[in-house]
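Each chain is listed here by its residues.
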Amino acid sequence: MSKEKKVKKPKGKLGKLEKREARAGYLFIAPWLIGVILFMLYPLAQSFYYMWYNIRITPLGTKFIPVGTGNFTQIWLENPEFPKQIVTYLWQTIVQVPIIVVFALMIAMMLNGKIRFKGFFRLIFFLPVIIVSGPVMNMLVDQEAASIPAMNIQSITAAFGTFLPQSAAESVGEIFSNMIMILWYSGVQILIFLSALQKIDPALYEAAKIDGGSKWECFWKITLPTIKPMILLNAVYSVIFMSSNEQNELINMIQRAMFSGTKEKGYGYASAMAWMYSLVVTLVVLVFFLLLGSKKDVYDRQVKKRKRAMKKEARLVKKIERRGIRNVKKLEKARKKRKYRTYTGESDY
Amino acid sequence: MKKRFLVSVLLIITMLATLAGCGGSKKTSGPSGNVDENGVTTDEITLSFWHYEDETTVTLLAEKFMEKYPNITVEHRVIEDMSTDLSAAAAAGNFPDVFEGTDSDTALANMYWADISEYFDADPENENLMATIKEYGLGCFDTDCRFAVPMVYWPSAVFVDKAVIEKLNLEMPRTDWTWAEMIQLIKDATVDPGAGEMKYYGLGYYNRLDSLYGIAACASSERQIKGEFGFDGDTFDLQYWAIGEQEFSDLKLAGYVAPQTETQEMEDWTGDWEAWFGATGHVAVFSEGFWTYMNIWAQDGYQEDLGLEIVPYVTPNVVDEPEHNVIATMYMGGVSTSCQYPYEAYLLLKWMGWGIEGWKARIEIYNDTSITNASGVPLKHSTMPTPITLDEEVWAGYKALFPGYEENKVIWDDFFANITRPVPYGWYNIAGYWNFCDQYFNKIGIHDLVDKGTAKAADYVEEATEQANYYHAEAMISYFGPNGYDVLSDEDLAKYQAVVDSFTAQ
């Protein structure tokens, strides 16, 4: 039996060319590394340290007064605004993310079709990405440009209020009043869906058509399963975007707490708030992952089962082979010790 | 390969250059110790001044200061948000040398202000300031040290429209009127002519009457009220506030108070959603900010066009006392703890705030109406403050700046004579006051509840008083105790600790 050997890299010093290539590689990723260390890992560690202290930044230096879990108890027990905003955030995210993802998919499918001025329309739908990423969005919201004037929000809220609790009805009304803004959050998601749609093999659609599949069936059986990972990606992207943009009241609350000069608040209090909020965001992402995470279809399951069976079979063959070798060795040993003889043909068998 | 290497090096250099641009703060060498005969440094120095005033006015004032002290350069900027701007500056190490504050809790909690007692007490000019500044220790925050001085002052004022009083055939009130007389005038001047004609309202308000009443609530012999909510320098007593709060809400509910801008009531009354009651000619008494007179009513032709004749009255006292306190907007200013030239900074503070020379320079600037600010407004019409010094020359120049002064000289003179005992709103002068409002008072929405008639102000007195005393005591320990400035005596610390303990034990 021949045994496959892994090809190992020869040990020893790198060559001149390899060294140079490695150096260039490190140099290329150096800006990213510096960025991550300076603007992510360091602030992350710093805020983790800060959250156990009451911090006063005086003109003569920073004073750290240890408070243990004081910041947390203060946030949950003495700041009714924080839990209230967390609930609002959860509710809005759960409702708004599906709206954004579905809208983005619809637009992406339209842009992927055979239409005139495709490039122009793609530009139009991507434009809000530039607008919402700056202070312009705040100005537009202040000018009430984020709502549809013809939409009677009060009536919608009242209608929902007939079968929902008042706070839930108000949240729904809020979503309708910010409908334009929600749809404006779809720019990047449209692009992601568009690229996913363009990668679907047209042969699949052709085969489905030959088998008599309608467009509706093609969408459900080909398009949707193929772009499913992108739905998860877009949902996660939307959650992260909505959790960290300037319109998010919790972000503003943390910012206000950070720069608040009152003795209870400040950097320590804001850090504790930020860590708790990031835990909530992580949980939301986890929920979306569990809901939209890839569950293998029947075909995938069968393939996996077959692979498992083949592996099992291979293991069995190896086992038999090993047993055979062992038996041969045993026989050989016994023969050497003359514990048995082979038939020589001299007498009866 | 060479090309790739160069590109990557370039990327890193660009990034590092960007990072370097993020930080950076000015570095100054320490004081040399060389001073002139007045004790002012002879070093070439730069002082930074952050404030809330009109930018053009302060630029001109700074220029005049620099003319007097040629070796001192003054850099100034307008504060947009005190908390954010100052905490960011402290974190970045470029804290201003001198600044005005609208929220003393922020300044004290973070030890922004240095103790300037040494300079203030030794300055003979400070003997001639409005009496309450020394008497009540405004800027000392109930300690023996002076951390701040009132810089910018606007008295509370009650304006009366003479034209409306005449139209309604009412008597003009006497200039040393009482609280009851003001309430009676508000009631008498509320007239609904009917037949589609606009209603006359007795009161149009910017400041709620409870704020005014809190200071004017009783005779000084009964309680020496030094601040809002019946604060006497030691404890609060909100029963005084509650009477004013209830009276004001009752007036609102009974229809004596004109609607506010951008309300349905305003549209129903004037036909204009955005109208302001002060421009209707149908309101008799106004509890407006003092700056409203110069900023709006005193503009050329404004009163003539609308048929108004506005005159100021002092906020009346409940008891008929010839001399009484008035509530005031007073920005506190101080020298920062990181300032390397505190005496020079004190001189700048005085110049920009209460100093006679500074005020003379101001009046000269205000008199030149050809100088306008960025909005094209002559500087005296851009939220001009009131002098804190009692210097006669300054006051003569100041009074002459008011266009309506000569026509109603007696009323104006009486008004000015009666505003010399200012008591600032709580957040300027009481430690812990803002925390109390932010974390308790504003959260329970007392004003709304009482205004709607769903609650009585008196119901909150006991609890609110306890809360206010607790927040004040806790702030005093935190700001001035061992973890803060450390200027309280053991006796004082024990006193405040007892209040905190008794509150937390409940």
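Only a predicted model underlies this, so the values are computations on that prediction, with no experimental measurement involved.

### Some details on the pairing of strand S6 (residues 201–205) of chain B
Residues and elements named next belong to chain B.
Phase 1: Across the 5 residues of S6, 5 count as buried, placing the element largely inside the fold.
Phase 2: In this sheet, strand S7 (residues 283–287) lies alongside S6 in parallel orientation, the contact comprising 4 bridges. Residue pairing for S7: Tyr201 is matched across the bridge by Val283.

### Brief notes about the domain arrangement of chain B
Residue and element names in this part refer to chain B.
Phase 1: Domain annotation of chain B identifies domain 1 (45–154 + 327–399) and domain 2 (157–314).
Phase 2: A C-alpha centroid distance of 30 Å is found between domain 1 and domain 2.
Phase 3: Facing 9 residues of domain 1, the contacting portion of domain 2 comprises 12 residues.
Phase 4: Of the residues in the side of domain 1 that touches domain 2, the class split is 4 nonpolar, 3 polar and 2 charged.

### Here's the deal with the confidence of the model for chain A
Phase 1: Put simply, chain A has an average pLDDT of 84, and 90% of its residues get 70 or more.
Phase 2: When pLDDT is averaged over each element of chain A, helix H13 (residues 267–292) of chain A comes out on top at 93 and helix H5 (residues 136–142) of chain A at the bottom at 73.

### Remarks on the nonpolar core
Phase 1: With 161 residues, the main nonpolar core has Leu47, Ala284, Val285, Ala345 and Leu348 of chain B as its most contacted residues.
Phase 2: When residues in this core are grouped by element, the largest group, 11 residues, is from helix H21 (residues 461–480) of chain B.
Phase 3: When residues of this core are assigned to domains, at least three fall in each of domain 1 (45–154 + 327–399) and domain 2 (157–314) of chain B.
Phase 4: Counting residues in each nonpolar core, the second largest holds 24 residues, with Ala108, Phe125, Leu194 and Ile231 of chain A among its members.

### Some thoughts on helix H8 (residues 179–188) of chain B
Residue and element names in this part refer to chain B.
Phase 1: The complete set of buried residues in H8 reads Trp179, Met182, Ile183, Leu185 and Ile186. Within H8, the buried residues cover an arc of 160 degrees as seen down the axis, which keeps them to one side.
Phase 2: For H8, the secondary structure elements touched by its buried residues are strand S5 (157–161), S6, helix H9 (209–216), helix H10 (239–253) and S7.

Reading guide: rules and limits
Residues numbered from 1 in each chain as written. Chains lettered and ligands numbered in written order. Predicted model: local features only at pLDDT ≥ 70, side-chain atom pairs only at ≥ 80, totals over all residues. Buried ≥ 20, exposed ≤ 12 C-beta atoms within 10 Å, placed from the backbone. Helix = DSSP H or I, 4+ residues; strand = E, 2+ residues; numbered from the N terminus. Pairing = 2+ DSSP bridges. Domains from an automatic or database assignment. Contact = placed C-beta atoms within 7 Å. Nonpolar A, V, L, I, M, F, W, Y, C, P; charged D, E, K, R; others polar. pLDDT = per-residue confidence, 0-100. Core = buried A, V, L, I, M, F, W, Y, C linked by C-beta atoms within 7 Å. Arc of directions from axis to C-beta.

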